[in-house]
Amino acid sequence: MSDEKKKPTPEEKAKAAAEARAKAEALRKLREQESAGAAEAEKQPAAQWGPASAQDEPAHEASAQAEPAPSKPVSEMTPEEKKAAKAAAAAEALAKAKAAKEAKEASAQAETASAPSKPVSEMTPEEKKAAKAAAAAEALAKAKAAKEAKEAAAQAETASAPSKPVSEMTPEEKKAAKAAAAAEALAKAKAAKEAKEAAAQGSETGGADADAKAKAAAAAKAKAAAAAAAKAKAAREAGGAGAETGDAGGDDAKAKAAAAAKAKAAAAAAAKAKAAGTADGDGAAEAAPKAPSKNQPFLDKYVARLNEAFGPEILEAAYINELAKEVPTLVVKTDRWHDVARYLKEDEQLGFDYLSDLHGVDYEDRMEVYYHFYSYKNRQSVAVKVKTSRENATVPSVVDIWQGANWNERETFDLLGIHFPGHRDLRRILLPDDWVGYPLRKDYVQYDEEV
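Below or above, wherever it landed, is the structure these notes cover. Everything numeric in this text was worked out from a predicted model, so none of it was measured. (Residues numbered from 1 in each chain as written. Predicted model: local features only at pLDDT ≥ 70, side-chain atom pairs only at ≥ 80, totals over all residues. Heavy atoms only, no water.)

1. With respect to the packing of aromatic side chains
For step 1, the next point in the chain: Under the counting rule described, the total for this entry stands at nine aromatic pairs.
For step 2, the next point in the chain: Ring plane angle 35 degrees and centroid distance 4.6 Å describe the contact between W337 and Y371, whose orientation is recorded as tilted. Here Y371 lies in strand β4 (residues 367–375) and W337 lies in helix α8 (residues 337–346), a separation of 34 residues in the sequence. For the pair shown, W337 and Y371 are each scored as buried.
For step 3, the next point in the chain: It is R366 that lies over the ring of Y363; its NZ or CZ is 4.4 Å from the centre. (Phe/Tyr/Trp six-rings, centres within 6.5 Å; stacked < 30°, edge-to-face > 60°. Helix = DSSP H or I, 4+ residues; strand = E, 2+ residues; numbered from the N terminus. Buried < 20%, exposed > 50% of the residue type's maximum accessible area, 1.4 Å probe, protein only. Lys NZ or Arg CZ within 6 Å of the ring centre and 35° of its normal.)

2. Describing the sheet that holds strand β5 (residues 380–388)
For step 1, the next point in the chain: Here we have five strands laid out as an open sheet, ordered β1-β2-β5-β4-β3, and mixed in their pairing. Across the chains shown, the open sheet's two edge strands, defined by having one partner strand only, are β1 (315–321) and β3 (354–362). Within the sheet, the average angular offset between the axes of one strand and its neighbour, ignoring direction, is 20 degrees.
For step 2, the next point in the chain: Where strand β2 (residues 327–332) meets β5, four bridges bridge the pair, whose relative direction is parallel. The partner of V331 across the bridge, within β5, is K385.
For step 3, the next point in the chain: Taken strand by strand, α8 contacts β2, β4 and β5, and its axis lies near 175 degrees from that of β5. (Pairing = 2+ DSSP bridges. Axes fitted to C-alpha atoms, helices over the stretch in contact; angles between N-to-C directions. Contact = heavy atoms within 4.5 Å.)

3. Re the pairing of β5
For step 1, the next point in the chain: Burial within β5 is extensive, with seven of its nine residues counted as buried.
For step 2, the next point in the chain: Sheet topology note: the β4/β5 ladder contains nine bridges and is antiparallel. Bridge assignment links M367 to a residue of β5, and that residue is T388.
For step 3, the next point in the chain: Counting the residues between successive antiparallel strands, the hairpin from β4 to β5 contains four residues, one of them, R379, with a positive phi of roughly 55 degrees.

Worth remembering: the numbers are spatial, not functional.
What follows is the structure, given as structure tokens:
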């Protein structure tokens, strides 16, 4: 491969680009000088110079290169001097135009050299690396040029600061001020564009950062909410279990406490009532004794009559039986019963001529015979109890006094085994004669189960 066909290296490309930029800068400065020279030339009267022929150009170029600019006014020049000055000015302008053309071509070459020769997708790794380096160098150069332009604009702004009003400026000063203002505006526009791009990049970066921060904040918030929810759930579960246990325990404790309080209150009320009742009873007893039974006078009468007839030892007890319609009740000794019975019937004040009831009772420790008499004459009643032992239950018969006692004494004998001496026909009345035992006795045992 020859040197002409060899592809430039990135370093070569960067070097060519730098040279191109230097040439472009030189061309720019040359253009500025041309503009300044053209303005100066326009100030000279065209008549002084006269038409320039094509045949004079070589001479003019040579003269311009050899001779310096005229040192005296054109009005004082000789025709030859004017011609020489004109030729020099034309040569100078031509030289500047040529230099500008060459700078432009160099810039185009630099751009061509810096442009990639083929798409990136078709480049080799080495080419991509070189292109990347070239692009970096170009960007660095552009940044440097932008910086220099900015500094130049700043200097121009400082230099172009009008030292005097525009109305007092010369046309040249106005033109220079205008150019400086244009450069300043251009620099400002460029700086604003760069700032805008930087802001856009920053905003993009900031937006990305903001998005990341928002996502992180949202994630942290969600995590905190989840933790709080889990904590609340655990607290509710613990609280529910505790509440259930507590409720159960609380209910039990409350029930026990309520029961205890109720029992205590009931006991206190009972004690109070008892004390009050006792007090009331005592008080009532002391203050208002219980009213005697309506039959008490009859009882007192019966007792008095018997005591008068038989003495006070004839009665074991005398009382009003409240459980049996407050009937006056006398407990007469067994051995004197027949005499007393006759007295009860035959005494005019007593006159119990009717025996309404007679039956026996087994009290386990004793046997009793209960009598109930009625006095039709006095319309009074009286009950008599006669006690006897269970082993030798014997009560004197009253059949000779009250004939109605016949079957009652036989029944009492038949069922309880109480004998009534004096009965003329004391035998079983309900059970057969060969019946063993007395069925109404509390210790009765049936002799023949088949009966």
